Amino acid sequence: MSPSLPSSEFATRLDAVRGNLADTDANAGVWFSATSIEYLSGFHNIQTERPVALVVTDDRVELVGPRLELERASDVRQIDRVRTYFDYPGGNPMEALADALDALGVDHVAADADGAPGVMGYQGPALSEFVEVTTQQWVPRMRWEKTDAEIACIRESARWANLGHRYLADFTEVGAHPVTVSQRASMEASRAMLDTLGGRYVPRTRGGGPVHAGYISGSETALPHGHTPNERLSEGDAIITGATAIVDGYYSELERTMFLGDPADEDEHYFELMLEAQDIAIDALGPGVPVDYVDHLVWEYFEEQGVTDLAQHHVGHNIGLGAHEPPYIDRGWADHCLDDETDFTESDAEIAAGQVYTIEPGLYTETTGYRHSDTVAITNSGTEMLTYFPRDIESNTLSVER
């Protein structure tokens, strides 16, 4: 299968938002989110101080953005017309959008926000100064459940992430710097991916490669979002890895806890607790299972083992076009869905087929962290593990004799 989405995916998505639009008094939908624009049209842009807006009516798809995006956006088959302003602040982006809406005969929009987000210093007027605005969050909710084509992209991402992770393990040795090991593994895996896919690869990077593999090591592993330390690897170091690959905008997530040389008894103890917690979470997944139930099970296990003080985050999250997407496997998810401040329903509190989750319970002592992460797709009958790098401690113990 080609590692990209067919145009039929976008047609289906546009039909869906047009169906939602028909249920409102608005005569156009407007999106400012770069991810939502990509999801609906296939046009990928980097969100900066220059707002980009996608306008969808019952028979048109138009894009309003800065002049510098004209050629790229004009090549996107799902977009009927591109209207531009020169730049910001001289180009008045909201006025340009208002002019486009007026040309389309639109006076009431259902938008994902009342104006463009304040990114990189952008400060503009609200869209409601020009037209009537009703806010909606249709696309973020649509992204929860992936189609077969989307899951195929994530599955392909997992394959290349696995290669990047294998290179990462192979290049790790005493005396190496974690930054250069990460760069080398990412480069070699990206080269293999680009050489293999050739013209089928859909570009999503600027300068960097499509595969990223890296890690934090030493005391930084005790911090769930630690930095890569400026210190060379030593025998006995714990390492928490991370690998992913971008396939037509979609991500997977692969993480492992590894040891450079034989792990200490304490390392083995916490590694096995972490691995059992991940097994509990993966085994609990399935369509119709309450999302928060999975996190509750892991927390109960941590309570039984007396290690709740070493847990610092929930079990996982959905993944797709975004590295983190809802639903979140968190004990508070059901209450969140029932909160009057959200647009969710009671059924949104349950796992559904098509959702893709990272499963990553972790434990963190004062000196060392222990966390695996695997990407798991929910099927009609159960689950499919998309990442497949070995998870046992023997496979994640690296020899110092190389």
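It should be emphasised that the depicted structure is a prediction, and the values quoted were computed from it without experimental measurement.

Once that is clear, we can look at the overall build of the protein chain. The helix and strand tally for the protein chain stands at 10 helices and 17 strands. Scaling as 2.2 N^0.38, a compact globule of 402 residues should have a C-alpha radius of gyration of about 21 Å, and the protein chain matches this with 23 Å. In terms of its C-alpha atoms, the protein chain occupies a principal-axis envelope of roughly 70 × 45 × 40 Å. Here the protein chain, with 402 residues, has 54% of them falling under the buried criterion.

The next subject is the packing of helix 6 (residues 148–171) against helix 7 (residues 178–197). Running from amino to carboxyl end, helix 6 crosses helix 7 at an angle of 140 degrees, the nearest separation of the two axes being 8 Å. One finds that helix 6 runs oblique with respect to helix 7. Crossing of helix 6 over helix 7 shows right-handed handedness. Residue-level contacts link Glu156, Trp160, Leu163, Gly164, Tyr167, Leu168 and Phe171 of helix 6 to Val181, Ser182, Arg184, Ala185, Glu188, Ala189, Ala192, Met193, Thr196 and Leu197 of helix 7. When grouped by side-chain class, the residues that make up the contact of helix 6 with helix 7 number 11 nonpolar, three polar and three charged.

Quick look at the sheet that holds strand 1 (residues 28–31) now. Here we have six strands laid out as an open sheet, ordered 4-3-2-1-5-6, and mixed in their pairing. Every other strand in the sheet has two partners, leaving strand 4 (81–85) and strand 6 (132–135) as the edge strands with one partner each. Taking each pair of neighbouring strands and ignoring which way they run, the sheet shows an average axis angle of 25 degrees. In the sheet, strand 1 pairs with strand 2 (residues 53–56) via three bridges, with the strands oriented antiparallel.

This part takes up the UniProt feature "domain: Creatinase N-terminal" (unreviewed entry) in the protein chain. The UniProt entry lists residues 13–114 under the feature "domain: Creatinase N-terminal" (unreviewed entry), expressed in the numbering used here. This span, residues 13–114, is 33% helix and 23% strand, and a straight line between its end C-alpha atoms measures 22 Å.

Here the focus is the nonpolar core. If you look at the biggest cluster of nonpolar residues, it comprises 43 residues, and the most contacted ones within it are Val17, Trp31, Leu40, Phe43, Leu63 and Met193. Breaking this core down by element, the ones donating at least two residues are helix 1 (7–22), helix 2 (34–41), strand 2, strand 3 (61–66), helix 5 (138–142), helix 6 and helix 7. Here this core takes six residues from helix 6, the largest share from any one element. Ignoring sequence-local partners within four residues, the contact set of Leu63 consists of Ile37, Phe43, Val52, Ala53, Leu54, Ala73, Ile79, Arg81, Val82 and Arg83. The next biggest cluster of nonpolar side chains, apart from the first, holds 37 residues, and it includes Ala281, Leu285, Tyr301 and Val307.

Now for the pattern of salt bridges. For the coordinates displayed, the defined rule picks out 23 salt bridges. As a salt-bridge pair, Glu325 and Lys146 come within 2.9 Å of each other at their nearest N and O atoms. Of this pair, Glu325 sits in strand 11 (residues 325–329) while Lys146 sits in the loop between helix 5 and helix 6, and the two are 179 residues apart along the sequence. Take Glu325 and Lys146: they sit in the same class, and that class is buried. A salt bridge links Arg331 to Asp295, with the nearest nitrogen and oxygen atoms 3.1 Å apart. With Arg331 in the loop between strand 11 and helix 10 (333–338) and Asp295 in helix 9 (residues 291–305), this residue pair connects regions lying 36 residues apart in the sequence.

Time to look at unusual backbone geometry. Here the amide bond leading from Tyr88 into Pro89 is cis, since omega sits at 10 degrees, within 30 degrees of zero. Residues Pro326 and Pro327 are joined by a peptide bond in cis, for which omega reads 0 degrees. Its place among the elements puts Pro327 in strand 11. We note that Met120 has phi near 55 degrees; this positive angle belongs to a residue other than glycine. Its identity as a non-glycine residue notwithstanding, Asp248 has a phi of 50 degrees, on the positive side. Position of Asp248 relative to the elements: it lies in the loop between strand 8 (238–245) and strand 9 (257–260).

A few words now on the environment of Val315. Within the element layout of this structure, Val315 appears in the loop between helix 9 and strand 10 (316–318). Once you skip the residues sitting within four places of it in the chain, Val315 turns out to touch Ala281, Val294, Asp295, Val298, Ile329, Thr358, Ile359, Glu360 and Pro361.

Checked against the element boundaries, Asp112 lands in the loop between strand 5 (108–111) and strand 6. At 8.9 Å, Arg143 is the nearest oppositely charged side chain to Asp112, a buried residue that forms no salt bridge. Within the local environment of Asp112, its side chain forms a polar contact with the backbone nitrogen of Ser33, the two atoms lying 3.1 Å apart. Setting aside anything within four residues of it in sequence, one finds Asp112 in contact with Val30, Trp31, Phe32, Ser33, Gln136 and Gln137.

Reading the values: the criteria
Residues numbered from 1 in each chain as written. Predicted model: local features only at pLDDT ≥ 70, side-chain atom pairs only at ≥ 80, totals over all residues. Heavy atoms only, no water. Helix = DSSP H or I, 4+ residues; strand = E, 2+ residues; numbered from the N terminus. Rg over C-alpha atoms; globule rule 2.2 N^0.38 Å. Buried < 20%, exposed > 50% of the residue type's maximum accessible area, 1.4 Å probe, protein only. Axes fitted to C-alpha atoms, helices over the stretch in contact; angles between N-to-C directions. Parallel < 35°, antiparallel > 145°, perpendicular 65-115°, else oblique. Left-handed = near helix turned anticlockwise from the far one by under 90°. Contact = heavy atoms within 4.5 Å. Nonpolar A, V, L, I, M, F, W, Y, C, P; charged D, E, K, R; others polar. Pairing = 2+ DSSP bridges. UniProt positions renumbered as here; feature names shortened; annotations may be inferred. Core = buried A, V, L, I, M, F, W, Y, C linked by side-chain atoms within 4.5 Å. Salt bridge = Lys/Arg side-chain N within 4 Å of Asp/Glu carboxyl O. Lys, Arg positive; Asp, Glu negative; His and termini not counted. Polar contact = N/O pair within 3.5 Å; in protein donor to acceptor, adjacent residues only side chain to side chain.

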